[in-house]
Amino acid sequence: MSAPTINLTLKVWRQGRTDKKGRFETYPANNISTDMSFLEMLDVVNEELTKKGIEPIAFDHDCREGICGMCGAVINGRAHGKERETTLCQLHMRHFKDGETIVIEPWRARAFKLVKDLVVDRSALDQIIQAGGYISVNAGGPQDANSIPVPREKADLAFNAAACIGCGACVAACPNSSAMLFIGAKVSHLALLPQGRPEAARRVRAMVRKMDELGFGNCSNEAECEVECPKGISIREIARLNRELMKAELKSA
Amino acid sequence: MNTLANIFTTSIGKKLMMAVTGLGFCIFLLIHLLGNLTLYVGRQTFESYVEHLHALGPLITVAELGLLFFLIIHVSTGAVLFVQNLRARPVRYAVNKWAGGRTIGSATAPYTGFLILVFIIFHLLNFHFVEHPGGLVFNTVSATFSSALYVCLYMAAMVVVAIHVRHGFWSLFQTLGANHPKYMPIIQGAGIVFALLVGFGFGLIPLYIGWGI
Amino acid sequence: MKLDAKIPGGPLTEKWDRHRFELKLVNPANKKKFDIIVVGTGLAGASAAATMAELGYNVKNFCIQDTPRRAHSISAQGGINAAKNYANDGDSIWRLFYDTIKGGDFRSREGNVYRLAQLSTQIIDHCVAQGVPFARDYGGLLDTRSFGGAQVSRTFYAKGQTGQQLLLGAYSALMRQVGKGKVEMFPRREMVDLVVVDGKARGIVVRNLITGELESYAAHAVVLATGGYGNAYFLSTNAMSCNVNAAYRAYKKGALFANPCFTQIHPTCIPVHGTYQSKLTLMSESLRNDGRVWVPKQPGDKRRPNEIPESERDYYLERKYPSFGNLVPRDVASRNAKEQCDKGKGVGETGLAVYLDFADAIRRDGRDVIEAKYGNLFEMYEKITGEHPYETPMKIYPAVHYTMGGLWVDYNLMSTIEGLFVLGEANFSDHGANRLGASALMQGLADGYFILPYTIGGYLAGTPFPEVKPDHDAFLEGIANARQQVDRLLAVKGSRTVDEIHRELGLILWDYCGMSRDMEGLKTALDKIRELRTQFWQDVNVPGDSHDLNQSLERAGRVADFLEFGELMVIDALNREESCGCHFNVAYQTEDHEALRDDENYCHVNAWEYVGVDQSPTLHKEPLVFENVELTQRSYK
C-alpha cells in the first residue's frame, strides 16, 4: 500500500537578502513519497540541508490547504506548477516523474521585490486594495441583511470573483507582470453587488491608478493569468474591469 | 478633454487606444481587401475600382490622414506598452513555458506589429509613392509581382498580418469589455476566420498576378 | 488573586445594553490621542483594528504573514451562525445562547454567551453591507443551512469558503483605514514580548522577520488576537505559522491562562500519510451522513479494502451505537477511531486511519446522487490522496483543529493585566469545553466589530496614562530578553532539527493529552515534555543567523514556547478530574461513554498564573454561575 518514492534533482533559485545577484543551486531530493505535497518535499530537502549545515531554502507558505495564498513559486516555468487550479501546497509529488529535474524560481515582477530565495514582497497587492478595494461602511448601523435582495446569478458571479486568494500567480504568469486579473477580480466582486455600486466609479479609477503607479505591466490579453489562477478566475473579470473604467471615466465630471 | 486624458494615461486607457485604432485597421483591411479582390476578376474590374476610389477625391485624403493618425497612435502606444511591459519584469525566468493562454499571435504581437510597420512603408513606396506606368495601377501591380522576390516578400508579410490580426481581433473586443461566455467563442472564431480571410485574400494576389495561377 | 469577570447585573437579556450605558465614553476629539496596538489580523484582529480606526483611535496592527489577508481565519469552511431566524424554523437569540452553553458542556459564562448570540445578527448585517457574497436563494435573499447537528438552519455560508469571504471583508475594512492613515500596518512581525509598565500593558516588542531586528512599539492598550495553540500537537488543521507565543509571553507577564486543556478534535480529516506530513486537512462532517465507518476485524490486516469480505469488517460505530450509528457526536466518533487504531486495526500506510465507505450509499442512491452531495469534497480528497472515493473507501482520522482554552478575560475582554485585551480564539471566553460548528467565526467578529470597540473606550476613558515611550526601561528589558533567547537558540548548534523535536512534542500531547486522557498517561506526558525540553535546549540545531529572514529560527522560538506551554496543558488536564466536552478523562464517563461532568467540584474556569519555568503554576478558579439554564447531562440520544 505504501506510496512509491521518487528521486529528483532540484535547481532552486538562491539569493540572500543583501545579495544583488542570485544563482541556481542544485540539490538532490531523494526518496520522495509521491503522497507528499510540493512544500512537504521542500520541507524534507530543508531538513537535510540543515543537517548538512547548509541554510535551508526560504519559501513562503502558511495554511497548506490552498486558501491563504501565501505559497507560490514557478515550477519548471509554470506558476504553482502545471496542474490546473492548484496552489503549490496542493501540488502533489505524484505528478512528477522519477529522475526528473525541477527548476524552482520565485515570482518575478518589478512590483514584487525579491526578499530571499523564493520569498517575494507582494505588499503592492495590499496597496491596490488600500486605494479602493472596499465598500466604505463603518461597523455599527447597516440595515437588515435581507433588505437589499441580490439576484442569485449576480451573487454567484460576485463570489467567483471574490474567490481570489491574492497569491500573485497571475502577475507571475503574465508575460508582462500585469496585475489586471487581481484587480479585475476585486473590482468585479464589488461592482456586481448593489452594496458596491455607490462607489464603483471612484473605486475602479483609484485602483487602476494605483496599479499603474506600482510598476506592474500592462495587460496584453495573453490569458496566461486565467490558466494559472488557482481559483480559476476568468479574464472576463478583466473585461468587466475595462467596462467599469470606461463607464467611470466617461461619466466623471 | 480631461476625461480623455484621464483615460489614456492609465494602462487600460492605452489598451483602449490600441483596441479602437485596431478596430479602425480591421475595418480598413476589410475595405482594402474587398477592393483588391477585384484583381481576381481581372484588370478592367480593378481599374474601374481604382477609378471610383480616386473619384472620392478629398475624402480619400481625409481617410488617409485618419489612417496615418491611427497608425501613429497604434505604433507609439504599442511601443510604450512594449517598453513598459519589458521593464515590468527586470529579471526574466530561466524556464519559460506557455501555460495555455498565449497564442502565437499574442506572444508575437509587438514583433509582428513592427514587421507590419516596415511592410507598410515598403508597400507604400511600392504602390503609393510611385508613378504608375501608363497611369494604371494595375501595371505597377503586375510589374511588382513579376519578381519572385516580391511575391515571396508580400506573401510572407500577409502571414505576419494574419498572425497579428488573429490576436488583435478578439483582443479588441476583450479590451472594450465585450467578453461574455456565450459570445466570446463566436468572436474568437470570427477572429480566426478574419485572419484567414486577410491572409489568403491578400496573400494569393501576388501569386495570381505574378504567375497567373 | 480574586478573579472578577465584571458581568453586569440585571436580567441576562439586558446586561449588554446596560453595560454599554455604564461604560465611560472617550470624547470623539480625544480618541485620536490614544494609540492602540492590535496583534493579529484574523477575523478578530482585523475587525477590531478597522473598527477602532473608524472610531478615531490610532491603531498599529501587526501580523506574522506577508499581508493581513492570510490570517488563518481564511481557512474556515462551513459557515457562521446567527440567530436571524430567516428560515422561520424557531430559532432565536435565546436558542442560540442555549445551544452554545449546552454544546460547551456548561463550562462557559452565561453573560458572555448571551451577548454573543445577541450580536450574531448584527454581524450578518454588517458583513453583507461590506460586500461579503453569502449564498443566496433565487429570490435574492440570504440562504442558510443547518450545520454541526443544529436543529435549526442558522448557518450563513459562502460555498465552502465562508472564512475566506468574512476575512476578506474585515481585511478590506482594514485596508480602507490603512489607506486613510488611521491604521499603520506591520506585516512580517512576530510578537516576542508584552511590555507592562506600572501594571498596565503599554506596548510590545516584535521581531521583524525580514531583517531580524527587534522593534519596540508603545501604546495605551494592547489587543491580542493571535489565535489558538493547536499547533502544539505539531499536526493539526491549523496553518503552519499558528503559534502560542504572543499569548504565552503575556501569560509569562502575568496574564492568567484559562482552561488550556480544552482542545477540540475533529473526526473527519484526511489522515496522516507519512512522517513528513506537515499538516492535516479537514473534510466536512456532513460526509458521515452517508458514509459508513469501518475497520478490518483482524488487527494488522493489510489487504486492500475491496478485498476484505463483508464478514471480516467491523462497522464499529454501528455496532456500538445502534441508534446513532455513524452520526454519533464529534468527540465520540473521534475517540472510537483512536481506540480502533490503538488495537492495531487502523488502515492505510501508517495504521492511523479508518475507512469511510460510500459503496453502500452509491449502491442505494446511485452515483449521481452521491456526486451531487459530495462531489467537491471527493475531488478535494482525490487531489490530496490520489484515490477516488467512488471506487475505494475514503480514509479518515481525527485531527486537532480548535482550542477553546486561552487567556482569561473578563466581560470587557480584558485579561488580568490591565490594558491587555484578548479576542477571538486567543481568549477562552465563549465556547466552554467544546465549540459548536460555525461559531468560531461568529465569536471572532463579535469580539472585533462590536464588543472591544466599546469596552476599550471604557478602559481608556477611566484610566490615567503617564507617558511611556519605546525607550522606557521596560522596553529595553524586553528587547534584551528577546535577544538573549534568540542568541541562546542559535548557540546550541546541536544535531536535531526544530521540526524533529516539535513532531515528538506533538506525539506526546496527541497520545496523552489528546482525544482521551488518563491520569497515568498525563503524568507520563509531564515527564516526557520536561525531558524533551531539556533535550531541545541541549541539542537543537538552528542554522543561519539572527539578522536575516530565518524561518528555522522563527520555528525554534515557537517550539520553545510550545515546550513550556504543553506542560501547562497537561497540568490543567491533570487538575480537572472530570470529563467535560472535549476533555475526556477515561475515569469519568457514563455507561454510554459520554463525558461525565462533576458540576459540584469543577463547575469553574481554571485560570493559571505563571510562577516560573519548571515550577508549577498557581491555580485560580472562577466559579461559573448558571442562573438561566439548568445544567443537564449532555446526551444526543
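Nothing here was measured: the structure is a model prediction, and the numbers come from that model.

Conventions and cut-offs
- Residues numbered from 1 in each chain as written.
- Chains lettered and ligands numbered in written order.
- Predicted model: local features only at pLDDT ≥ 70, side-chain atom pairs only at ≥ 80, totals over all residues.
- Helix = DSSP H or I, 4+ residues; strand = E, 2+ residues; numbered from the N terminus.
- Buried ≥ 20, exposed ≤ 12 C-beta atoms within 10 Å, placed from the backbone.
- Contact = placed C-beta atoms within 7 Å.
- Nonpolar A, V, L, I, M, F, W, Y, C, P; charged D, E, K, R; others polar.
- Expected span 1.5 Å × (residues − 1).
- Pairing = 2+ DSSP bridges.
- Core = buried A, V, L, I, M, F, W, Y, C linked by C-beta atoms within 7 Å.
- Domains from an automatic or database assignment.
- Axes fitted to C-alpha atoms, helices over the stretch in contact; angles between N-to-C directions.
- Parallel < 35°, antiparallel > 145°, perpendicular 65-115°, else oblique.
- Left-handed = near helix turned anticlockwise from the far one by under 90°.

Caption draft 1: Looking closely at the overall build of chain A. When you go through chain A residue by residue, the secondary structure sums to 8 helices and 7 strands. In terms of overall dimensions, chain A has C-alpha extents of about 65 × 45 × 35 Å along its principal axes. A total of 253 residues make up chain A; the buried ones form 63% of that total. A sequence separation of at least 24 residues applies to 72% of the contacts in chain A between residues at least 6 apart.

Caption draft 2: Quick peek at the overall build of chain B. What chain B contains, in helices and strands, is 9 helices and 0 strands. Based on the C-alpha atoms only, the size of chain B along its principal axes is roughly 55 × 45 × 35 Å. Here chain B holds 213 residues, and the buried ones make up 29% of them. Counting only contacts in chain B whose residues sit at least 6 apart along the sequence, the fraction spanning at least 24 positions is 78%.

Caption draft 3: Summary view of the interface of chain A and chain C. Listed per partner, the contact involves 67 residues of chain A and 67 residues of chain C. Elements that contribute at least two residues to the side of chain A that touches chain C include exactly α1 (38-51), β6 (113-116), α2 (123-132), α3 (152-162) and α5 (180-192) of chain A. With 7 residues, α1 of chain A is the single largest residue contributor to the side of chain A that touches chain C. Tallied by class, residues from the side of chain A that touches chain C come to 31 nonpolar, 19 polar and 17 charged.

Caption draft 4: Representation of α5 of chain A in the model. Given a rise of 1.5 Å per residue, 13 residues ought to cover 18 Å, and the 17 Å separating the end C-alpha atoms of α5 of chain A matches this to within 8%. With 13 of its 13 residues buried, α5 of chain A lies for the most part within the structure.

Caption draft 5: Molecular detail of the pairing of strand β9 (residues 214-218) of chain C. Residue and element names in this part refer to chain C. Relative to β9, strand β8 (residues 200-208) runs antiparallel, the two being bridged by 5 bridges. Within the sheet, the bridge partner assigned to Gly203 lies in β9 and is Ala218. Adjacent in sequence and paired antiparallel, β8 and β9 are bridged by 5 residues, among which Gly212 carries a positive phi angle near 80°.

Caption draft 6: Region of the structure containing the nonpolar core. By size, the foremost hydrophobic cluster in this structure holds 328 residues, and its most contacted members are Val171 of chain A together with Ile36, Val223, Leu224, Leu407 and Leu420 of chain C. Not counting chain neighbours up to four residues away, the residues in contact with Val171 of chain A comprise Trp107, Ala109, Ala111, Phe112, Ser177, Ser178, Ala179, Phe182 and Phe216 of chain A.

Caption draft 7: Structural detail: the domain arrangement of chain A. Residues and elements named next belong to chain A. Partitioning chain A into structural domains gives domain 1 (5-105) and domain 2 (122-251). The C-alpha centroid of domain 2 is placed 30 Å from the C-alpha centroid of domain 1. Between domain 1 and domain 2, the residue contacts involve 12 residues of the former and 11 residues of the latter. A per-class count over the side of domain 1 that touches domain 2 returns 4 nonpolar, 6 polar and 2 charged.

Caption draft 8: Broad picture of the interface of chain A and chain B. In this assembly, 40 residues from chain A lie in contact with 35 residues from chain B. Counting residues per element, the ones that place at least two in the side of chain A that touches chain B are β5 (101-105), α6 (200-213), α7 (224-228) and α8 (236-251) of chain A. With 9 residues, α8 of chain A is the single largest residue contributor to the side of chain A that touches chain B. Looking at the side of chain A that touches chain B, its residues break down into 15 nonpolar, 11 polar and 14 charged.

Caption draft 9: Focus on the packing of α5 of chain A against α8 of chain A. Residues and elements named next belong to chain A. Packing of α5 against α8 leaves a shortest axis separation of 8 Å and a crossing angle of 70°. What the angle tells us is that α5 and α8 run roughly perpendicular. For the element pair α5 and α8, the recorded crossing hand is left-handed. Contacts between α5 and α8 involve Met180, Leu181, Ile183, Gly184, Ala185, Val187, Ser188 and Ala191 from the former and Glu237, Ile238, Arg240, Leu241 and Glu244 from the latter. Residue composition of the contact of α5 with α8, grouped by class: 8 nonpolar, 2 polar and 3 charged.

Caption draft 10: Broad picture of the packing of α5 of chain A against α6 of chain A. Residues and elements named next belong to chain A. It is at 10 Å that the axes of α5 and α6 come closest, and there the two elements cross at 170°. Of the possible angle classes, the one that applies to α5 and α6 is roughly antiparallel. Between α5 and α6, the contacting residues are Ile183, Val187, Leu190 and Ala191 on the first element and Ala200, Arg203, Val204, Met207, Val208 and Met211 on the second. When grouped by side-chain class, the residues that make up the contact of α5 with α6 number 9 nonpolar, no polar and 1 charged.

Caption draft 11: Structural context of the environment of Arg70 of chain C. For Arg70 of chain C, the location among the structural elements is in the loop between β2 (58-62) and β3 (80-81). A sequence separation of 97 residues divides Arg70 of chain C from Leu167 of chain C, and the C-alpha atoms of the two residues are 8.7 Å apart. Ignoring any residue separated from it by four or fewer positions in sequence, one finds Arg70 of chain C in contact with Asp62, Cys68, Gly69 and Met70 of chain A together with Gln65 of chain C.

Caption draft 12: Region of interest: the pairing of strand β6 (residues 183-186) of chain C. Residues and elements named next belong to chain C. Where burial is concerned, the two faces of β6 differ: the one with Val183 and Met185 is buried and the one with Glu184 and Phe186 is not. When β2 meets β6, the two strands line up parallel, connected through 4 bridges. When the bridges of β6 are listed, Phe62 appears paired with Phe186.

Caption draft 13: Fine view of the sheet that holds β3 of chain C. Residues and elements named next belong to chain C. Taken together, the 3 strands give an open sheet; going across it, the order is β3-β5-β4, and neighbouring strands pair in antiparallel fashion. Only two strands of the sheet have a single neighbouring strand rather than two, namely β3 and β4 (144-145). Inspection of the sheet shows β4 paired to strand β5 (residues 155-156) by 2 bridges, in the antiparallel sense. Bridge pairing in β5 links Arg145 to Thr155.

Caption draft 14: Structural context of the environment of Ser579 of chain C. Residues and elements named next belong to chain C. Along the chain, Ser579 turns up in the loop between α16 (551-575) and α17 (599-602). Exposure remark for Ser579: the 26 C-beta atoms within 10 Å place this residue in the buried category. For Ser579 and Ala359, which are 220 residues apart along the polypeptide, the C-alpha to C-alpha distance reads 36 Å. Setting aside residues up to four positions removed in sequence, Ser579 forms contacts with Phe584, Asn585, Tyr588, Gln589, Ala595, Leu596 and Arg597.

Caption draft 15: Here's a closer look at unusual backbone geometry. Its identity as a non-glycine residue notwithstanding, His80 of chain A has a phi of 60°, on the positive side. With respect to the helices and strands, the residue His80 of chain A is situated in the loop between β4 (78-79) and β5. Look at Ala438 of chain C: it is not a glycine, yet its phi comes out positive at around 70°.

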